[in-house]
Amino acid sequence: MDDLGPTELRLMQGLAQRVTASRPELLNADATVGELAWVWAKDFDALGRFWRHRLWFVDGRLAAWGWVHLPYRVPRGDGTFREAEAANLIWQAHPDQPKLLTGILDWYDEVAGGADRLLTVQSADGPAQAAVAARGYAFDAEAGGDDGSWVQFNARALTDVPDPVLPEGFRFRTAVDVPAADAVKAHRDAWQSASLTEAAFARVQRTWPYRADLHVLIAAPDGTLAATAIIWLDEATQTAEFEPVGTHPDFRRRGLGTALQLHGMHLARAAGANRMLVACLGAPAHPAARTLYHGVGFRELTHDLPQIKPAR
């Protein structure tokens, strides 16, 4: 229950590696090697005080973990606030230890106190669906509906990857080539509600398995960094993951997202990956990212089933 630090994070990523290797359809989209690194590193300073975590070991090896994000309200630099009114549980259990989810849920009830409780289970994970239903959770129709915020998890083999094509004057770069401040600005330009700071990005850079040569960008003819994506490579499972991927609003609908992904997949394959992962909004009302990823060969592996348990 102490601060969730690099040692605990690395253990959690180790479990993600084992699930990725054995039952990737049971890997929670917010519990992958790359997603864990990205969320922990970018949000540690701003949100760390609202986090609670617990690890479960079997025979000395991590078998499950829970990471609770308590309700929060923190200011952004532009005068707006970043906030969440409900508690949210991120979790993972090894496929050989599905019953540990009941312990995670009991602990979550203790930690969440009087807040509404949110979590997700995967569409492929029948035992998890039964476990949360038995603990009073129900499908969250708002988050899980046709215009909801639920996530679809996609995979693609790194075979038959077309060559990328850029518009005239645009060129590929990596974070090796640009100042950190410029990489942060590229992210904030692509995600204008983002609160990534240079200090948070410095933590991202220090977090395994970040590699600057796999942090890819596209520069416009005027030098503006028009698109950005980080590739998280796990050499042990030969798996790479895009998180995040974004394009500057002024440069959208020019094929930059497609070119960036194809270029990134070539780099990932050259670095030793044979499979690529990416998560996106899955609801029919939000087709843009799903269309983009499917257009370069990704297909659904599993998707979230959001769950809610109102406070008593």
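To start, this report covers the structure provided alongside it. Fair warning: this is a prediction, and the values are worked out from it, not measured in the lab.

1. With respect to the pairing of strand E2 (residues 61-69)
A large share of E2 lies buried, amounting to 8 of its 9 residues. Where strand E1 (residues 51-58) folds back onto E2 in an antiparallel hairpin, the turn is made up of 2 residues, including Asp-59, whose phi is positive at roughly 55°. Bridging between E2 and strand E5 (residues 87-93) involves 6 bridges; their strand directions are antiparallel. When the sheet's bridge partners are listed, Trp-65 is paired in E5 with Gln-92.

2. Considerations on the layout of surface pockets
The space that makes up the second largest pocket amounts to roughly 200 Å³. Lining the second largest pocket are 16 residues, with Pro-95, Pro-98, Asp-125, Pro-127 and Ala-128 positioned closest to its centre. Across the lining of the second largest pocket, the residue classes tally to 10 nonpolar, 3 polar and 3 charged.

3. Thoughts on the nonpolar core
Counting 69 residues, the largest nonpolar core has Trp-65, Trp-67 and Leu-89 as the members making the most contacts within it. By size, the runner-up hydrophobic cluster in this structure holds 28 residues, among which are Ala-229, Leu-233, Leu-262 and Cys-280.

What counts and what doesn't
Residues numbered from 1 in each chain as written. Predicted model: local features only at pLDDT ≥ 70, side-chain atom pairs only at ≥ 80, totals over all residues. Heavy atoms only, no water. Buried < 20%, exposed > 50% of the residue type's maximum accessible area, 1.4 Å probe, protein only. Helix = DSSP H or I, 4+ residues; strand = E, 2+ residues; numbered from the N terminus. Pairing = 2+ DSSP bridges. 1 Å grid on protein atoms, 1.4 Å probe; cavity = no way out; pocket = protein on both sides within 12 Å on 5 of 7 lines; lining within 4 Å. Points joined across faces, edges and corners; volume = space filled by probe spheres on them. Nonpolar A, V, L, I, M, F, W, Y, C, P; charged D, E, K, R; others polar. Core = buried A, V, L, I, M, F, W, Y, C linked by side-chain atoms within 4.5 Å.

The analysis is restricted to geometry; functional conclusions fall outside its scope.
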